Amino acid sequence: HKALWKWILLGMVLGVAFGWAASSDGVMPATLSEAIVPWVALPGDIFMALLKMIIVPLVVISIILGLFNAGDLIFLKSMSVRLIPYFILTTAIAITIGIGLSTIIQPGANIAMNEAAEQISLNQQAAAAMENLSIPDRIMNALPTNPDRAMLERVMLQIVIFSLILGVITLQ
């Protein structure tokens, strides 16, 4: 396994080459490309589905066990006072890097707007619904009234808050 990086690099190069060959600019005929591409994409799609399947239980268990292993509320409180500024700082750095890179790279600039119009419309509707909410309503939306529904719909903020509450309860 010492040469694993070589296999990864080779896989990346072959993937880029196949992607180019199967694209509209590539050398592969369109009918052949349409027949082969779904089969080549299948292992990656299965892998992504498996990751999506375990993400919610992984987040819940990680938070609950992390809080449970803290031992007591006094230690948890002292750690929180030290960690919250760290999380705020790293989040601000991540946001700055994300905004900077997206401004430079401009992802999605080559996407046809008619293809993305439906998703844009859904995002605008969701944003409009949030604009009319007061701050207390927004706080209440962050609290899960039904943890199962939050997990089913993968509302991560509600899942994290539920897990934090459950983890603190286990310390009592």
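Structure: see above.
Residues numbered from 1 in each chain as written. Predicted model: local features only at pLDDT ≥ 70, side-chain atom pairs only at ≥ 80, totals over all residues. Heavy atoms only, no water.

J.: What should I look at first to understand the overall build of the chain in this one?
T.: Within the chain, the secondary structure is distributed over seven helices and zero strands. Over its C-alpha atoms the chain spans a radius of gyration of 22 Å, topping by over 25% the 16 Å that the globule rule assigns to 172 residues. Each principal axis of the C-alpha atoms in the chain carries an extent, and together these give about 65 × 50 × 35 Å. Across the 172 residues in the chain, those meeting the buried criterion constitute 13%. When the accessible surface of the chain is summed, it comes to about 13800 Å², and 72% of that surface belongs to carbon and sulfur atoms. (Helix = DSSP H or I, 4+ residues; strand = E, 2+ residues; numbered from the N terminus. Rg over C-alpha atoms; globule rule 2.2 N^0.38 Å. Buried < 20%, exposed > 50% of the residue type's maximum accessible area, 1.4 Å probe, protein only. Areas by Shrake-Rupley, 256 points an atom, 1.4 Å probe, with all protein chains shown as cover.)

J.: When you look at the environment of Ile161 in this model, what are you seeing that I'm missing?
T.: Turning to its location among the elements, Ile161 is positioned in helix 7 (residues 156-171). Ile161 has contacts with Ala142, Leu143 and Pro144, leaving out every residue within four places of it along the chain. (Contact = heavy atoms within 4.5 Å.)

J.: Could you clarify how one ought to interpret the packing of aromatic side chains in this entry?
T.: In this description, an aromatic ring pair is defined by two values, namely the gap between the centres and the angle between the planes. Tallied over the entire structure, the rule returns one aromatic pair. With a centroid separation of 5.8 Å and 55° between ring planes, the pair formed by Tyr86 and Phe87 is classed as tilted. The exposure class of Tyr86 is partly exposed, given its relative accessible area of 47%. (Phe/Tyr/Trp six-rings, centres within 6.5 Å; stacked < 30°, edge-to-face > 60°.)

J.: Can you help me understand the nonpolar core in this one?
T.: The nonpolar side chains of soluble globular proteins are, as a tendency, buried together. If you look at the biggest cluster of nonpolar residues, it comprises 11 residues: Val56, Val59, Val60, Ile63, Ile64, Leu67, Ala70, Leu76, Ala150, Ile159 and Leu171. Only helix 2 (30-68) and helix 7 provide two or more residues apiece to this core. A total of six residues in this core trace back to one element, the largest contributor, which is helix 2. The residues contacting Ile159, other than those within four sequence positions of it, are Val56, Val59, Val60, Ala150, Met151 and Arg154. (Core = buried A, V, L, I, M, F, W, Y, C linked by side-chain atoms within 4.5 Å.)

J.: What is the right way to read the side chain of Ser163 from this model?
T.: Its location among the elements puts Ser163 in helix 7. Ignoring any residue separated from it by four or fewer positions in sequence, one finds Ser163 in contact with Val60, Ile63, Ile64 and Leu67.

J.: Mind showing me how you'd approach a nonpolar patch on the surface here?
T.: Together, Trp39, Leu42, Ile46, Phe47, Met48, Leu50, Leu51, Met53, Ile54, Ile55, Leu58 and Met156 line one region of the surface with nonpolar side chains, adding up to about 1200 Å² of accessible area. With 11 residues, helix 2 is the single largest residue contributor to the nonpolar patch. When you line up the elements, Trp39 lands in helix 2. On the basis of relative accessibility, which here comes to 65%, the residue Trp39 falls in the exposed class. (Patch = residues over 30% accessible without salt bridge, like charges linked within 9 Å, V, L, I, M, F, W, Y side chains within 5 Å. Salt bridge = Lys/Arg side-chain N within 4 Å of Asp/Glu carboxyl O.)

J.: Before we go on, may I ask you to explain unusual backbone geometry in this structure?
T.: One non-glycine residue, Gln106, adopts positive backbone phi at about 55°. In this structure, Gln106 sits in the loop between helix 3 (73-105) and helix 4 (113-131). Phi is positive for Arg154, close to 55°, though the residue is something other than glycine. By secondary structure assignment, the location of Arg154 is in the loop between helix 6 (147-152) and helix 7.

J.: Any chance you could explain the environment of Gly98 here in plain terms?
T.: Examined against the element boundaries, Gly98 turns out to sit in helix 3. Among the residues examined, Gly98 registers a relative accessible area of 34% and is labelled partly exposed. Remark: the alpha-carbon pair of Gly98 and Asn69, spanning 29 residues in sequence, is separated by 33 Å.

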